[in-house]
Amino acid sequence: MSLEERELEVLIGPQHPASGHMRLVAKIDGDIVVELRPNIGYVHRSVEKLAEVKKYLQIIPLVERPSLADTTANNLAYVMAVEKLLGIEPPPRAQYLRTLLAEINRIHSHFYGMGIHGVMIGSSTAYMWCFGDREPLIELAQELTGARLTYSYIVPGGVRRDLPQGFEDKVEKVMRYLENRMPDYFDLYFNNPVTRARLEGVGVLTKEDAIKLGVTGPNLRASGVPYDVRKAEPYAAYPELDFDVITEEAGDAFARVMVRVREIQESIKIIRQVLKKIPDGPILNEKYMKMIPPNLRKQVEETGHIKFPGVFANLRVPAGEAVARVEGGRGEVVFHIVSDGKMSPYRMRMVTPSFRNVILFEHLTKGARVADIPAIYGSLDYFPPEADR
Amino acid sequence: MAVERTIRHIKALATGAKYMLGGHRLTLMYPDDIQEFPDGYRGMIEYDWDTCIKCGLCAMVCPADAMKMYVSKEESEEGKRPVRRPGINYTRCIFCGFCVDICPTNSLKFTKVHDVAFYTFEEQIYPPERFREGIPKPQYDKEPRRVRAVLDEKRGIRYEPVE
Ligand code: SF4
Ligand code: SF4
């Protein structure tokens, strides 16, 4: 390098620089980022191609895997697309249970994102708090589904399990706990002058750019665009629930965090409504319920745990195409399935929010300081495996 | 502005101090404490040899190829035709529980054990004859304390000993 050359190339990653394996190729001039290119694909798992050789039910755990903290969104969007092809609808109670799990998941997914963001800007307390406070929610989900994160709870025609005994009380306790704790989060972290100094005015995304770049989820809403699939194209029990789409105007890293915080409060509201309004009734579509042998059907009614009808092993889906989308914790999840009537999809397309948001790395870091890279990165709640699929 | 900032700094420190002295801890002290899981937890799987009708649905639905049908030797020799029974491979199982949910005779059941720790690769593979003997019992250097997660509106989670 000659003395006249001012720019330096810095490689950040690919060995897990923050929330997963990816590489950021930064060109810097002193302390200023001239250009930053995200280099993705290190954790590509070929989910879409694998889906072509897996049977429809077997794809459920597969699509959950890339997103780790936000599995319900993928599970739900995929199953909704399959249901469109099958021409079946889940019963109302199942719709509410889907919503319940989706919202529990949204809260702990937001905590996950905020926690990692916290440690990226040097607040390990925020990290510990957020990860600790995910735990009560994961306990809830675990009691409902039997697993901590990879729930595989939503199946074509309904859900696998009914509410456990006394679940409502436990949920209420956790919701109160979160509400009790929120003021302390503000005192310790969000209103902490150090946090504000690191995040306010950093990585500003304007409304126009957010729309033009196709950004999604909380990152879009933090720039003042009130777009949420739960409102734009309501699914599950959302049409019957009362909630607001959270937006912030500033479009900076702090606004993105605030959208998540306020969405947690909104999810608490939704969860309370779900538990109040949830109708009685079956949790699996009648058509499949009838296929369960009578003695097992009785057992299903007693235990609240579904037994799969035999057809689930080799579920055949009529030929056609279907698209379904949901609002996950990180943004819009889209599934497009093309079926040729066989036991596996002919083609499956999975569009994840992280993939749509990765463009922001390049867009928001131009002219920022090197120390702002983690502050911006974390504020996007970007998850490499989810983008790579 | 400077005053406001100072107040916020003090608030942040005071909140930190409150938690430091208040003993607000969410950590499960594993392995000294072992958590008992709620009913329906999707852990390792038990197999009932006698009720199984060898239908093969469990192997068909398994998304990870963990459950497979094996030729059951003795029975096959006796009956002079191949008899197939399921076996599980814990190097592959992802604990989705699809096999348990599809089994028409409830021959597969969840246990609450999830410690899939083995010394060798081969030990993790359970052909039917081993599968029927049940899951390995977790072993500990020191008998751990059994605790249960209790959700709490003040503390989030408390781990209480179970008798
Ligand atoms: S364990 Fe159940 S599903 Fe598997 S072969 Fe036996 S009866 Fe069929
Ligand atoms: S739990 Fe899932 S992965 Fe494991 S053997 Fe059963 S079906 Fe296969």
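In the block above lies the structure referred to throughout.
The notes below deal with the structure included here. Since the model is a prediction, treat every value here as computed from it, not as a measurement.

1. Focus: the site of ligand 2
Around ligand 2 sit I45, C62, P63, A66, M67, I88, C93, I94, F95, C96, G97 and C99 of chain B, and those are all the residues in its vicinity. Taken together, the residues of the shell around ligand 2 break down into 11 nonpolar, 1 polar and no charged.

2. With respect to the environment of T195 of chain A
Residue and element names in this part refer to chain A. Following the sequence through the fold, T195 ends up in helix 7 (residues 193-199). Since its relative accessible area comes to 4%, T195 is described here as buried. Each C-alpha atom of the pair T195 and F254 lies 8.5 Å from the other, and the pair is 59 residues apart in sequence.

3. Observations concerning the packing of helix 4 (residues 92-120) of chain A against helix 16 (residues 372-379) of chain A
Residues and elements named next belong to chain A. It is the contact of helix 4 with helix 16, at a shortest axis distance of 8 Å, that shows an interaxial angle of 175 degrees. When the axis of helix 4 is compared with that of helix 16, the two are roughly antiparallel. Residues G113, H117 and M120 of helix 4 form the contact with helix 16, whose own contacting residues are P374, A375, Y377, G378 and S379. The class makeup of the residues in the contact of helix 4 with helix 16 is 4 nonpolar, 4 polar and no charged.

4. Structural notes on the site of ligand 1
Looking at ligand 1, there are 13 residues lining it, with C52, C55, G56, C58 and C103 of chain B nearest. Here the shell around ligand 1 is built from residues that sort into 9 nonpolar, 3 polar and 1 charged.

5. Digging into the sheet that holds strand 1 (residues 33-36) of chain B
An order of 1-7-8 (chain B) is seen for the 3 strands of this open sheet, with the pairing classed as mixed. Edge positions in the open sheet fall to strand 1 and strand 8 (156-161) of chain B, since each of these has one partner strand only. Taken pair by pair, the neighbouring strands of this sheet meet at an average axis angle of 45 degrees, ignoring direction. As judged from the 4 bridges shared by strand 1 of chain B and strand 7 (residues 145-152) of chain B, these two strands associate in the parallel manner. For E36 of chain B, the partnering residue across the bridge sits in strand 7 of chain B and is R148 of chain B. Packed onto the sheet, helix 5 (residues 124-145) of chain A meets strand 1, strand 7 and strand 8 of chain B and runs at close to 65 degrees relative to strand 8 of chain B. Docked against the sheet, helix 6 (residues 167-190) of chain A engages strand 7 and strand 8 of chain B, running at close to 70 degrees with respect to strand 7 of chain B.

6. Considerations on the interface of chain B and chain A
Chain B puts 42 residues into the contact, and the matching count from chain A is 50 residues. Summing the contributions of chain B and of chain A, the shared interface buries around 3,700 Å²; its carbon and sulfur component is 55%. Its largest share of buried area at the contact with chain A, chain B owes to R42, L151 and E153 of chain B, together 19% of the area lost on that side. At the boundary of chain B with chain A, the tally comes to 3 salt bridges. A salt bridge links E153 of chain B to R176 of chain A; the shortest N-O distance between them is 3.2 Å.

What counts, and at which threshold
- Every chain is numbered independently, its residues counted from 1 as its sequence is written.
- To label them, take the chains in the order written and letter them from A, then take the ligands in the order written and number them from 1.
- Only residues with pLDDT of at least 70 are given local features in this predicted model, and only at 80 or more are side-chain atom pairs given and counted; all residues enter the totals for whole chains, interfaces and linings.
- Water and hydrogen atoms were dropped before computing side-chain values, which therefore reflect all heavy atoms in the structure.
- If even one non-hydrogen atom of a residue comes within 4 Å of a molecule or strand, that residue is called near it.
- Think of it as three bins: nonpolar holds Ala, Val, Leu, Ile, Met, Phe, Trp, Tyr, Cys and Pro, charged holds Asp, Glu, Lys and Arg, and polar takes everything else, Gly as well.
- For helices the rule is a DSSP run of H or I covering at least 4 residues; for strands it is a run of E covering at least 2, with both sets numbered from the N terminus onward.
- Only protein chains enter the calculation, and the probe is 1.4 Å; a residue is then buried if its accessible area is under 20% of its type maximum, exposed if over 50%, and partly exposed in between.
- Here an axis means a line fitted to C-alpha atoms, over the contact stretch when the element is a helix, while the angle between two N-to-C directions is reported on a 0 to 180 degree scale.
- Comment on the angle field: the value is read as roughly parallel under 35 degrees, roughly antiparallel over 145, roughly perpendicular from 65 to 115, and oblique elsewhere.
- Any two residues whose heavy atoms approach within 4.5 Å are treated as being in contact.
- When DSSP locates at least two bridges between a pair of strands, those strands are taken to pair.
- Summed over both partners, the accessible area (1.4 Å probe) lost when two parts come together is defined as the buried area.
- Here a salt bridge means any side-chain nitrogen of Lys or Arg lying within 4 Å of a carboxyl oxygen belonging to Asp or Glu.

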